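Per-entry structural report
This is what each chain is made of:
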Amino acid sequence: MSVQTARLARQRPAQTEVERADRRRRLLRGLRLSGVQLFCFTVAAGFFALPLVYLLVQAFKTYGSFLKDPTGLPHPWTLSNFGAAWSQGDFATEMVNSLLYAVVPDVITLILGVFLAFPISRGWFRRSNLLYGFFVFSGFLPGGLIPLFVEAQKLGLYDNRVGYLVLTSLTGAGFFFFVGYIKTIPRELDEAAAMDGCGYFRFIFRIVIPQMKPALATFAIFGFVASWNNLILPLIMLSDSGLWPVTRGLYGFFGEHTTQWPLIAAATVIVAAPILVVFALLQRHLVEGVGGGAAAGAQGVGQTPAAQTAAE
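Computed from a predicted model, the values in this text were never measured in an experiment. (Residues numbered from 1 in each chain as written. Predicted model: local features only at pLDDT ≥ 70, side-chain atom pairs only at ≥ 80, totals over all residues. Heavy atoms only, no water.)

**A word on the packing of helix α6 (residues 128–138) against helix α9 (residues 175–182)**
Direction vectors running N to C along α6 and α9 enclose 140 degrees, while the axes themselves pass 9 Å from each other. Classed by the angle they form, the pair α6 and α9 counts as oblique. Of α9, the residues touching α6 (which contributes Tyr-132, Phe-135 and Val-136) are Phe-175, Phe-176 and Val-179. Residues of the contact of α6 with α9, tallied by class, amount to six nonpolar, no polar and no charged. (Axes fitted to C-alpha atoms, helices over the stretch in contact; angles between N-to-C directions. Helix = DSSP H or I, 4+ residues; strand = E, 2+ residues; numbered from the N terminus. Parallel < 35°, antiparallel > 145°, perpendicular 65-115°, else oblique. Contact = heavy atoms within 4.5 Å. Nonpolar A, V, L, I, M, F, W, Y, C, P; charged D, E, K, R; others polar.)

Shown next, in the form of structure tokens:
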């Protein structure tokens, strides 16, 4: 890359930091709550948090303590339920499977989404708006599980790890969001890279993807959570217990220990813990990515963002 391309690539992160700081200031101003809003927020948070707190408390009870007082605090507190649930449910193997089923499709989907969104956002096709609308509309259609099951059987993708990864790696989630985000990247970078003789794949990986870190982090979180929590597809496509993810394993664990509620609560906490950790670590990127993509998402495909036009 020439000096001009390198300079533009360095200028863009600086502009991005200014935009992020401005979004944070607007977000903080929007977080000033009135009394009614604070009351509604507290009630809503209580509805969501109380079941989780209750579940966590039950995980520390013995079975006898749960029968005596199902709603009270544990007496005595015990960690034995977590060890028993981990060993009896074979969650070690299922955790590895879930991690594989969540990470590999996530990475493939994000890369394919960027390669598809870039030419559409730049208007390289004559009917870019129509094609963009088609992809957005297809996201609202229900999934055809029966045709997918028949297709998996015909193609030899049923009940095997590689086949399941193929079925879950071609969803295209996040594509419509990437189109709006890429429009915020200056076209001068495209022109400078073309003048330098930078190839298309190199340009995407070296210039575009680094500029899209907040958006990619946002949909990496969404994709990871969706894949980790997926139960219907593993229930249909995976009959071998050695291939089960944690959601399918938890479903079977519940069937085997229907009356052991403290044990079931501990198993549920084990399955949910990785999601809570991922969200806690990456929530900053989640807010930045949603705010950045929404800024240009309402404009037509191929149009120049208003802020960029004003700067020019």
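**Concerning α9**
Counting buried residues in α9 gives seven out of eight residues, a clear majority hidden from the surface. Listed as buried for α9 are Phe-175, Phe-177, Phe-178, Val-179, Gly-180, Tyr-181 and Ile-182. (Buried < 20%, exposed > 50% of the residue type's maximum accessible area, 1.4 Å probe, protein only.)

**Here we look at unusual backbone geometry**
For the peptide bond that leads from His-75 to Pro-76, omega is 5 degrees, which places it in the cis range. Turning to its location among the elements, Pro-76 is positioned in the loop between α3 (63–68) and α4 (80–88). Phi is positive for Asp-90, which is not a glycine, with a value near 55 degrees. With respect to the element layout, Asp-90 can be found in the loop between α4 and α5 (91–121). A relative accessible area of 39% means that Asp-90 is categorised as partly exposed.

**Quick look at the nonpolar core**
Across soluble globular proteins, you tend to see nonpolar side chains buried next to one another. Val-114, Phe-178, Phe-203, Ile-204, Val-208, Met-212 and Leu-216 are the most contacted members of the largest nonpolar core, which has 26 residues in total. Setting aside residues up to four positions removed in sequence, Phe-203 forms contacts with Phe-118, Leu-189, Asp-190, Ala-193, Cys-198 and Val-208. The next biggest cluster of nonpolar side chains, apart from the first, holds 19 residues, and it includes Val-246, Ala-266, Ile-270 and Ile-275. (Core = buried A, V, L, I, M, F, W, Y, C linked by side-chain atoms within 4.5 Å.)

Limitation: the analysis is restricted to geometry and does not speak to function.
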